[in-house]
Amino acid sequence: MKNIILIGFMGSGKSTVGKLLAKDLKARFIDLDEEIEKRERRSIKSIFMSDGEEAFRKLEAEMVGEASALKGRVIACGGGVVIDKNNVERLKGSGVLIYLKADLDTLIERATRTSHRPLLEGDDPKEKARSLLETREPLYEAAADRVINTSGLSLDEVVLSIKEVI
Ligand code: S3P
């Protein structure tokens, strides 16, 4: 089985859906952010805070390289993985890229519900999410092999929709 790679904005459900999908397919699951945290023994937030975004992106690119060399996995990527076209190329070479799309309000609400997302810190997280999503949306669309519109779907329905398109 080729890798099944989930991309999309923060709060699009990549990790939750990825775990369920992997269970359903009896495949192994990798969450790139979790792998980075395990390896670094610190949170994404603390990597951003002490070393900055650029350092995080380097670690992310390394992890993309490693994960792309594996087979038969369900891979949940961080929301910013598509910024780097080398990441997209590598991921595309290793499997099918599924974009979990959702409507703006849902994403903004979900992405800003927790405080572990360094890119959304500050006075107006919702506005930050809105403007980031505006620049990211075309990147997700361009990278995706398949797009799943998750708005109004339950988690099980999202999993089913992915299984239908892979
Ligand atoms: C980021 C998304 C986060 C995490 C980091 C940067 C982004 O992952 O990789 O905070 O640039 O969109 P999630 O999409 O899993 O929240």
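That block above? That's the structure.
Since the model is a prediction, treat every value here as computed from it, not as a measurement.

**A word on the pattern of salt bridges**
Moving on, step 1. Counting across every chain of the model gives 13 salt bridges.
Moving on, step 2. Measuring nitrogen to oxygen at the nearest pair gives 2.7 Å for the salt bridge that ties Asp24 to Lys163. In this pair, Asp24 is assigned in helix α1 (residues 14-25) and Lys163 in helix α8 (residues 155-165), connecting sequence segments 139 residues apart.
Moving on, step 3. Residue Lys163 is classed as partly exposed on the basis of its relative accessible area, which comes to 33%.
Moving on, step 4. In this structure, the salt-bridge partner of Arg39 is Glu66, at a minimum N-O distance of 2.7 Å. Note that Arg39 is positioned in helix α2 (residues 32-40) and Glu66 in helix α4 (residues 53-68), a separation of 27 residues in sequence.
Moving on, step 5. Judged by its relative accessible area of 47%, Arg39 is partly exposed.

**Considerations on the sheet that holds strand β3 (residues 73-76)**
Moving on, step 1. A sheet is described by the order of its strands in space; here five strands give the open sequence β2-β3-β1-β4-β5, paired in parallel fashion. Looking along the sheet, the strands with just one partner apiece sit at the ends: β2 (28-31) and β5 (146-149). For this sheet, the mean inter-axis angle between neighbouring strands, taken without regard to orientation, is 20°.
Moving on, step 2. With five bridges connecting them, strand β1 (residues 3-7) and strand β4 (residues 95-101) associate as parallel partners. Within β4, the position partnered with Ile5 by the bridge is Leu97.
Moving on, step 3. Strands β1, β4 and β5 of the sheet are contacted by helix α7 (residues 125-143), whose axis makes an angle of about 145° with β4.
Moving on, step 4. Strands in contact with α8 are β1, β4 and β5; relative to β5, the strand with the most contacts, it is inclined by about 155°.

**A look at the side chain of Glu60**
Moving on, step 1. In this structure, Glu60 sits in helix α4.
Moving on, step 2. Apart from the residues lying within four places of it in its own chain, the contact partners of Glu60 are Ile36, Gly78, Gly80 and Val81.

**What to know about the packing of helix α6 (residues 104-111) against α7**
Moving on, step 1. Packing of α6 against α7 brings their axes to within 9 Å, and their N-to-C directions diverge by 130°. In this view, α6 runs oblique relative to α7, as classed from their interaxial angle. Relative to α7, the crossing made by α6 is right-handed. Only Lys126, Ala129, Arg130 and Leu133 of α7 make contact with α6, whose side of the interface consists of Leu104, Leu107 and Ile108.
Moving on, step 2. Grouping the amino acids of the contact of α6 with α7 by side-chain chemistry returns five nonpolar, no polar and two charged.

**Digging into the site of the ligand**
Moving on, step 1. With respect to spatial proximity, 13 residues lie near the ligand, and among them Lys14, Asp33, Arg57, Arg117 and Arg136 are the closest.
Moving on, step 2. Contact between the ligand and Lys14: an oxygen atom at 2.5 Å from a side-chain N or O atom of the residue.
Moving on, step 3. Gly80 places a polar main-chain atom, nitrogen or oxygen, 3.2 Å from an oxygen atom of the ligand.
Moving on, step 4. A total of 380 Å² of accessible area belongs to the ligand in isolation, and the protein chains cover 94% of it.

**A look at the nonpolar core**
Moving on, step 1. Counting 33 residues, the largest nonpolar core has Ile7, Phe9, Leu32 and Cys77 as its most contacted members.
Moving on, step 2. Looking at this core, the elements that each hand over two or more residues are β1, α2, α3 (44-51), α4, α5 (85-94), β4, α6 and α7.
Moving on, step 3. Ranked by residue count, the leading element in this core is α4, at five residues.
Moving on, step 4. Contacts of Phe9, omitting those with residues within four sequence positions, involve Lys14, Leu107, Ala111, Ala129, Leu132, Leu133, Arg136 and Tyr140.
Moving on, step 5. Of all hydrophobic cores here, the second largest spans 14 residues; its members include Leu21, Ala27, Val74 and Val158.

So, how was this worked out
Residues numbered from 1 in each chain as written. Predicted model: local features only at pLDDT ≥ 70, side-chain atom pairs only at ≥ 80, totals over all residues. Heavy atoms only, no water. Salt bridge = Lys/Arg side-chain N within 4 Å of Asp/Glu carboxyl O. Helix = DSSP H or I, 4+ residues; strand = E, 2+ residues; numbered from the N terminus. Buried < 20%, exposed > 50% of the residue type's maximum accessible area, 1.4 Å probe, protein only. Pairing = 2+ DSSP bridges. Axes fitted to C-alpha atoms, helices over the stretch in contact; angles between N-to-C directions. Contact = heavy atoms within 4.5 Å. Parallel < 35°, antiparallel > 145°, perpendicular 65-115°, else oblique. Left-handed = near helix turned anticlockwise from the far one by under 90°. Nonpolar A, V, L, I, M, F, W, Y, C, P; charged D, E, K, R; others polar. Near = heavy atom within 4 Å. Polar contact = N/O pair within 3.5 Å; in protein donor to acceptor, adjacent residues only side chain to side chain. Areas by Shrake-Rupley, 256 points an atom, 1.4 Å probe, with all protein chains shown as cover. Core = buried A, V, L, I, M, F, W, Y, C linked by side-chain atoms within 4.5 Å.

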